[in-house]
Structures are given as C-alpha cells and as structure tokens.
Amino acid sequence: MRNALGLMLASVVAAVVIAAGGWFYYSARADQGAPKTVAARAADPLPAPAKLAAKDDVETTAAIAAKPAAAAPAPAPGPAMPVQQKQACANPNALGVARVVEIDTTGGPGFGFEHFKQFDFLTEKEVVLTFDDGPWPVNTPAVLKALADECTKGLFFSVGKHATYHPEILRQVLAQGHTVGTHTWSHVNLNSKKMTEQQVKDEVEKGFSAVRFALGTNPAPFFRFPQLQHNPAMVTYFGTRNVAMFSTDIDSFDFRKGATPEKIVETVMTRLDKLGKGIILMHDFQKHTGEALPALLARLKAGGYKVVQMKAKTSFQTLPEYDEALLKDLKVPTSSARPIGSVVQTVSQ
C-alpha cells in the first residue's frame, strides 16, 4: 500500500517538475527572442531617411527629364549642332547671317563700288554691315547688342588710339564673332598735303599694331581709309602687305550734324532699295547709330535682305618696329607684348 502511494506521489512530483521545466524552457526562448524584436524596432528609423533620399532622387530626375523633353525636337535633324545654334541665337526670327565669305587678301584687293569695281561678290539682296571709328563706350556696346539681338555679324574698322583707350570693348567685338580690321592710328586724312609718305605709313602701321595690342591677337588684314580718302601710294603699299581695302556702296551719313535714328534708317534703305545690295558704311563711334540699328535691321529683314559676313583667310602680321614703338609710347613694359596664351595657360579645369 505504502509502495503504491509512494509511486503515485513520485509521479505527481515528476509531472510538476517536467511542467515547470517546460515552462522555464519556453519562457527563456521567448526572452531570447525579445532582443531581436527590440533590435528590429530600433532599426525602424533607418528606412525613413532612405525614403526621403528616394523621394529626392525622383524629384531631381523628373526635373532633369523635363528639360530634355522640352528640347527633344531639336536633336532630330542632327546631333548637337541644332541645339548649339538655338542656344547661340535666342531670337527664332532673327536676321542672322546668310553666308560667310573668306577673303584671300594677297595683292591687296579692294571692295566697295564707290572706289573698287573689280570684285562684285554680293548677289541681289545681300548686304555687308560695316562700322568705323570704334571702339567707344556706350555706343559700340549698343551696336553690339543690336547685332546680337538679331544674331548677325559685322565688320569693324577700329581706330588705333580708340583701341588703346578701350581694349576691353574691342575684345568684346572680337569675342562676339565679328571681324576686326583697322582705320589708321588717329583717323587723319591720308591724302592731306601736310602728311609725308613716311607719316602716312606710320599712321597705317601703328594703327595695326595698336589694334593687335588691344585684341591680344592679330587683326584681319582689312583696312578702310579715313574719309574714304585713298592715298595712291598707300594703295600700292597695301598690295605689298597683302591688305584688303574697303570703300562702300551705301553711306549711312550717320556722322552728319542733325542725324537722327530715323534719318539714318531712311538714308540707308532708300539707297539700298535702289541698288539692291551693297556694303553699308556706319560708325559705332556715333550715338545715333546704335539707336538706329534695331530699326534698320528690322527693315532689312522685312525687305528680304540678307547679311553676308566677311572674314580673312589669314591674319595680319604687324611689323616689330611699330609694335615696339607703340609700347614705348604707351609706356608699357616690353614683357607685356607677349600674348597672354604664352604666359598664362589653363592646365586643369
């Protein structure tokens, strides 16, 4: 009896122990799993920045994608060229440049039918825009703006003295793609009886050296005589220096007293409509020229006229003795005669 009771009591105790052990085992497993849950919760803040970054990426990508979408039609005709042209000219209805001609100045050819009739290179409704006597503050920039607004180009004949006064303006002329020639050192009449042959030569060569100094590079071998007074000896001399000479077909008379923007436009258009084409003479030195130019360019476009840009096949080589004389006159250290490209070069960007 006692043995049976003892066995029963032992069974009950064993069952209790097993149950307690099982509870302890599963309780311990649950406690071990808890840190994982906590760790996972602690990591929850991490996805938040990740979502923000993704959101930013989407917005940025969308913003970038919107630009090519708007510009998508441009590359259709060709790769990058149409895009560059549109960027260069913001005006879709601009007058522009119909064609560019390159001049071989060997032997000193002349252009402009008022004095030279050998080279009739313009076709009907073509014009060349030329400007004398600059560079000059306010007036030359006004001319440059008018030309830039119509994405068209001109030929500038700079006075040497003015170039040394305002080299930064003349560099703007060149930087905007216009052709730069010269117009003597001080704008004297080269046919004056007071001028010796040597003085005439000095005026011309010093003018070229001054423009070269202002530009920091060689100008075009293009020259226009002041007051259109062609000195016969210099015409021959230019043949030996391979300099092209320019007269005109249409004089704007923008330098005359009483000239107004309206008069300038009417003078040019009346003469041009009669001739049908030609080299137009203007002055970026004159205030009214810059004021008249927007209206003149609009009239040219409305009349079906097209602009031809003239460039030189080679640049003009100045004479060292005049370069040196100019630097002495300007009291510039000789070392500055070196072109900037030989002194300062970008090696990393």
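About the thresholds
Residues numbered from 1 in each chain as written. Predicted model: local features only at pLDDT ≥ 70, side-chain atom pairs only at ≥ 80, totals over all residues. Heavy atoms only, no water. Helix = DSSP H or I, 4+ residues; strand = E, 2+ residues; numbered from the N terminus. Buried < 20%, exposed > 50% of the residue type's maximum accessible area, 1.4 Å probe, protein only. Contact = heavy atoms within 4.5 Å. Areas by Shrake-Rupley, 256 points an atom, 1.4 Å probe, with all protein chains shown as cover. Expected span 1.5 Å × (residues − 1). Bend = angle between axes of the 7 residues up to and from the residue. Disulfide = S-S within 2.5 Å. Core = buried A, V, L, I, M, F, W, Y, C linked by side-chain atoms within 4.5 Å. Phe/Tyr/Trp six-rings, centres within 6.5 Å; stacked < 30°, edge-to-face > 60°. Salt bridge = Lys/Arg side-chain N within 4 Å of Asp/Glu carboxyl O. Arc of directions from axis to C-beta. Axes fitted to C-alpha atoms, helices over the stretch in contact; angles between N-to-C directions. Parallel < 35°, antiparallel > 145°, perpendicular 65-115°, else oblique. Nonpolar A, V, L, I, M, F, W, Y, C, P; charged D, E, K, R; others polar.

1. As for the overall build of the protein chain
When you go through the protein chain residue by residue, the secondary structure sums to 12 helices and 10 strands. Going through the 349 residues of the protein chain one by one, you find that 37% of them count as buried. Pairs at least 24 residues apart make up 79% of the contacts formed inside the protein chain by residues separated by at least 6 positions. For the protein chain, the computed accessible surface area is about 20100 Å², with 60% contributed by carbon and sulfur atoms.

2. A word on helix 10 (residues 287–302)
Across its 16 residues, helix 10 extends 24 Å between first and last C-alpha, which sits within 8% of the 22 Å expected from 1.5 Å per residue. The axis of helix 10 is deflected most strongly, by about 40°, at Leu293, and proline Pro294 appears within four residues downstream. For helix 10, every residue scored as buried is listed here: Thr289, Gly290, Ala292, Leu293, Leu296, Leu297 and Leu300. If you follow the buried residues of helix 10, they end up packed against strand 3 (126–132), helix 4 (139–149), helix 9 (261–275) and strand 9 (278–283). Note on helix 10: the residue one or two positions beyond its end, Gly304, has a positive phi of about 80°.

3. Structural notes on the state of the cysteines
Following the criterion strictly, the structure yields 1 disulfide and no others. Here Cys89 connects covalently by a disulfide to Cys151, the sulfurs 2.0 Å from one another. Residues Cys89 and Cys151 are joined by a disulfide whose S-S torsion is about 100°; by sign, that bridge is right-handed. Taken together, the residues span a long stretch of sequence, with Cys89 in the loop between helix 3 (81–88) and strand 1 (99–103) and Cys151 in the loop between helix 4 and strand 4 (155–158) at a distance of 62 residues. Judged by its relative accessible area of 19%, Cys151 falls in the buried class.

4. Comments concerning the nonpolar core
Membership of the largest hydrophobic core comes to 31 residues, with the highest contact counts inside it found for Leu129, Leu293 and Leu300. For this core, the elements supplying multiple residues, two or more each, are strand 3, helix 4, helix 6 (167–175), helix 7 (197–215), helix 9, strand 9 and helix 10. Non-local contacts of Leu129, meaning those with residues more than four positions away in its chain, are made with Leu147, Thr152, Lys153, Gly154, Leu155, Ile280, Met282, Leu297, Leu300 and Val307. Of all hydrophobic cores here, the second largest spans 15 residues; its members include Met234, Tyr237, Phe238 and Met245.

5. Considering the packing of aromatic side chains
Across all of its chains, the model carries 14 aromatic pairs by this definition. Centre to centre, the rings of Phe111 and Phe246 are 5.4 Å apart; their planes meet at 35°, and the pair counts as tilted. A residue pair is termed long-range when its members are at least 10 positions apart, and Phe111 in strand 2 (residues 110–111) and Phe246 in strand 7 (residues 244–246) qualify at 135 residues. Comparing Phe111 with Phe246 shows no difference in burial state: the two are buried.

6. A short note on the pattern of salt bridges
On inspection of all chains with the given rule, the structure shows 8 salt bridges. Among the ionic pairs, Lys277 bridges to Asp120, the shortest N-O distance being 2.9 Å. Here Lys277, found in the loop between helix 9 and strand 9, pairs with Asp120, found in the loop between strand 2 and strand 3; they are 157 residues apart in sequence, far enough to count as distant.

7. Focus on helix 8 (residues 232–241)
Among all positions in helix 8, only Met234, Tyr237, Phe238 and Arg241 are buried. What you see down the axis of helix 8 is that its buried residues fit within an arc of 105°, all on one side. Residues Pro232, Thr236 and Thr240 are exposed on helix 8 and point more than 90 degrees away from its buried face. Looking at the buried side of helix 8, the elements it contacts are helix 7, strand 6 (222–223) and strand 7. Following helix 8 by one or two positions, Asn242 adopts a phi angle in the positive range, close to 55°.

8. Topic: unusual backbone geometry
Following Gly134, the chain continues into Pro135 via a peptide bond in cis, with omega recorded as 0°. By secondary structure assignment, the location of Pro135 is in the loop between strand 3 and helix 4. We note that Asp133 has phi near 80°; this positive angle belongs to a residue other than glycine. Unusually for a residue other than glycine, Cys151 sits at a positive phi of about 50°.

9. Brief notes about the packing of helix 7 against helix 11 (residues 320–329)
Axis separation between helix 7 and helix 11 bottoms out at 9 Å; the angle between their running directions is 75°. Here helix 7 is positioned roughly perpendicular relative to helix 11, judged by the angle of their axes. In contact with Gln198, Lys201, Asp202, Glu205, Lys206, Ser209, Ala210, Arg212 and Phe213 of helix 7, helix 11 contributes Tyr322, Asp323, Leu326, Leu327 and Asp329. Of the residues that constitute the contact of helix 7 with helix 11, the class distribution is 5 nonpolar, 2 polar and 7 charged.

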